[in-house]
Amino acid sequence: MSRLPLGITTVLTSLLFAVPAHSDAPLRLAVDVPFEPFEYRLPDGTLTGFEVELGEEVCRRIERECEWVEQGWDGIIPGLLARKYDAIMSSMAITDARREQVLFSEPYYSNPSVWVTLTVQEIDIEDHEALEGLSVGVQRGTIRDEYITDTYGDLVDVRRYATGEDLAVDVRAGRIDAGFMYYPLALSSLQVNAEGSGIVTSSPLIREPKSYFGHGVAAAFHPRNEALAEQFNEALREIKQDGTYDELMHKYVDYDIKI
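This section reports on the structure supplied with the text. As the structure is a computational prediction, the values presented were derived from the model and not from experiment. (Residues numbered from 1 in each chain as written. Predicted model: local features only at pLDDT ≥ 70, side-chain atom pairs only at ≥ 80, totals over all residues. Heavy atoms only, no water.)

**Remarks on the overall build of the protein**
Part 1: What the protein contains, in helices and strands, is 11 helices and 12 strands.
Part 2: Taken over C-alpha atoms, the radius of gyration comes to 20 Å for the protein, in line with the 18 Å a tight globule of 259 residues would show.
Part 3: By principal-axis analysis of the C-alpha atoms, the protein measures approximately 70 × 45 × 30 Å.
Part 4: Taken across its 259 residues, the protein has 49% of its residues classed as buried.
Part 5: For the protein, the proportion of contacts with a sequence separation of at least 24, taken over those separated by at least 6, is 68%.
Part 6: Approximately 12,800 Å² of the protein is accessible, and the part contributed by carbon and sulfur atoms is 50%.
Part 7: Put simply, the protein has 23 plus and 44 minus side-chain charges, and the middle of one group is 7 Å from the middle of the other. (Helix = DSSP H or I, 4+ residues; strand = E, 2+ residues; numbered from the N terminus. Rg over C-alpha atoms; globule rule 2.2 N^0.38 Å. Buried < 20%, exposed > 50% of the residue type's maximum accessible area, 1.4 Å probe, protein only. Contact = heavy atoms within 4.5 Å. Areas by Shrake-Rupley, 256 points an atom, 1.4 Å probe, with all protein chains shown as cover. Lys, Arg positive; Asp, Glu negative; His and termini not counted. Charge placed at Lys NZ, Arg CZ, Asp CG, Glu CD.)

This is the structure:
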């Protein structure tokens, strides 16, 4: 059987896997739901949230239809690399480790993480002796999982959950001593620090170190989809400049997430 010269094979392979900058095909965006207020479903089943509306606006400006693909967090990067969708738009923080796997857009928001506990459970995260043996919940496969495992794994019993909602349920029920959560999720799922919620923050809002918590949230693309990523970036810059971004931000959160 004859073989094509190596150079021609490389060119054909690149063409086969490249995604054109302009296409009539829907733009398939992966999202892990629910993650209110960024992506979640209304009672009638409609998908909405800050990132969903931002993604729809990007699609409008690059003249593509958005097609949202629900994917669990554990498999969201493998699914992208397997080309099950064109991009991830699901509150993914830019980290050095992820940069080795995917191509990120420019960041479009930043949000902190926080320790949460029942009001009756007093925890001082600076007191390592007091932390020893406590159960601390995190969502599996997230930057919060990595941070707690590396920083406190020799002190606490790390409990991993498939979703942030599952984690919130066990925090509220007192089945774990503390949770380490994305701050917006703590607000929406636990009404943390609200009167009568019974849940409080047990730490300042945490954004550092960047080696764990990243350099902002961005869309993630297959490393070969440079043209699509640049299209996304151009649309995103317009959205930020003309005030559309601010309108969406104030619709969903009452604090500044712009980056």
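**Describing the sheet that holds strand 11 (residues 199–201)**
Part 1: With mixed pairing, 5 strands are arranged side by side in an open sheet as 9-8-10-7-11. One side of each edge strand has no neighbouring strand; the edge strands of this open sheet are strand 9 (157–161) and strand 11. Across the sheet, the mean angle from the axis of one strand to that of its neighbour is 30°, orientation sign disregarded.
Part 2: The sheet contact formed by strand 7 (residues 113–118) and strand 10 (residues 178–182) spans 4 bridges and is antiparallel. What sits directly across from Val114, in strand 10, is Met181. (Pairing = 2+ DSSP bridges. Axes fitted to C-alpha atoms, helices over the stretch in contact; angles between N-to-C directions.)

**Some details on the sheet that holds strand 4 (residues 66–70)**
Part 1: As summarised here, the arrangement of the 5 strands in space is 4-1-5-12-6, forming an open sheet in which the pairing is mixed. Lying at the two open borders of the sheet, with one neighbouring strand each, are strand 4 and strand 6 (103–104).
Part 2: With 4 bridges connecting them, strand 5 (residues 87–93) and strand 12 (residues 217–221) associate as antiparallel partners. Residue pairing in the sheet places Ala87 in a bridge with Phe221 of strand 12.
Part 3: Across the sheet, helix 2 (residues 50–61) lies against strand 1 (27–31), strand 4, strand 5 and strand 12, angled at about 145° from strand 4, the strand it touches most.

**Structural notes on the packing of aromatic side chains**
Ring pairs (aromatic) are described by centroid distance and by the angle formed between their planes.
Part 1: Under the definition given, this model contains 16 aromatic pairs.
Part 2: When the ring of Tyr108 is compared with that of Phe232, the centres are 6.5 Å apart and the planes differ by 45°; the resulting orientation is tilted. Here Tyr108, found in the loop between strand 6 and strand 7, pairs with Phe232, found in helix 10 (residues 226–241); they are 124 residues apart in sequence, far enough to count as distant. The two residues Tyr108 and Phe232 agree in class, both being buried.
Part 3: Ring geometry for Tyr147 and Phe213: centres 4.9 Å apart, planes at 55°, overall tilted. (Phe/Tyr/Trp six-rings, centres within 6.5 Å; stacked < 30°, edge-to-face > 60°.)

**So, the state of the cysteines**
Part 1: Evaluated as defined, the whole model comprises 1 disulfide.
Part 2: Put simply, Cys59 and Cys66 are joined by a disulfide, and their sulfur atoms are 2.1 Å apart. Its S-S torsion of about 85° marks the bond between Cys59 and Cys66 as right-handed, since a negative value means left-handed. Here the two residues Cys59 and Cys66 agree in accessibility, since each one is buried. (Disulfide = S-S within 2.5 Å.)

**Some remarks on the nonpolar core**
Part 1: Counting residues in each nonpolar core, the largest one holds 50 residues, and the members touching the most others are Phe50, Leu54, Tyr108, Tyr109, Val116 and Tyr245.
Part 2: With 6 residues, helix 10 is the largest single contributor of residues to this core.
Part 3: Beyond its immediate stretch of four places on either side in the chain, Tyr109 contacts Phe38, Phe50, Glu51, Ser91, Tyr182, Gly216, Val217, Tyr245, Ile257 and Ile259.
Part 4: In this structure, Val136, Tyr147, Val158 and Ala178 belong to the second largest nonpolar core, which totals 20 residues. (Core = buried A, V, L, I, M, F, W, Y, C linked by side-chain atoms within 4.5 Å.)

**Let's talk about a negative patch on the surface**
Part 1: Together, Asp124, Glu126, Asp127, Glu129, Glu132 and Asp154 make up a negatively charged patch on the protein surface.
Part 2: The residue Asp124 is located in the loop between strand 7 and helix 5 (128–131) in this model.
Part 3: By relative accessible area, Asp124 is classed as partly exposed at 42%. (Patch = residues over 30% accessible without salt bridge, like charges linked within 9 Å, V, L, I, M, F, W, Y side chains within 5 Å. Salt bridge = Lys/Arg side-chain N within 4 Å of Asp/Glu carboxyl O.)

**What to know about the side chain of Thr48**
Part 1: The topology assignment puts Thr48 in strand 3 (residues 47–48).
Part 2: A residue is classified by how much of its surface remains accessible, and Thr48, at 11% relative accessible area, is buried.
Part 3: One polar contact links Thr48 to Tyr252, side chain to side chain, over a distance of 3.0 Å.
Part 4: Apart from residues lying up to four places away in sequence, Thr48 is in contact with Phe38, Glu39, Tyr40, Leu42, Glu53 and Tyr252. (Polar contact = N/O pair within 3.5 Å; in protein donor to acceptor, adjacent residues only side chain to side chain.)

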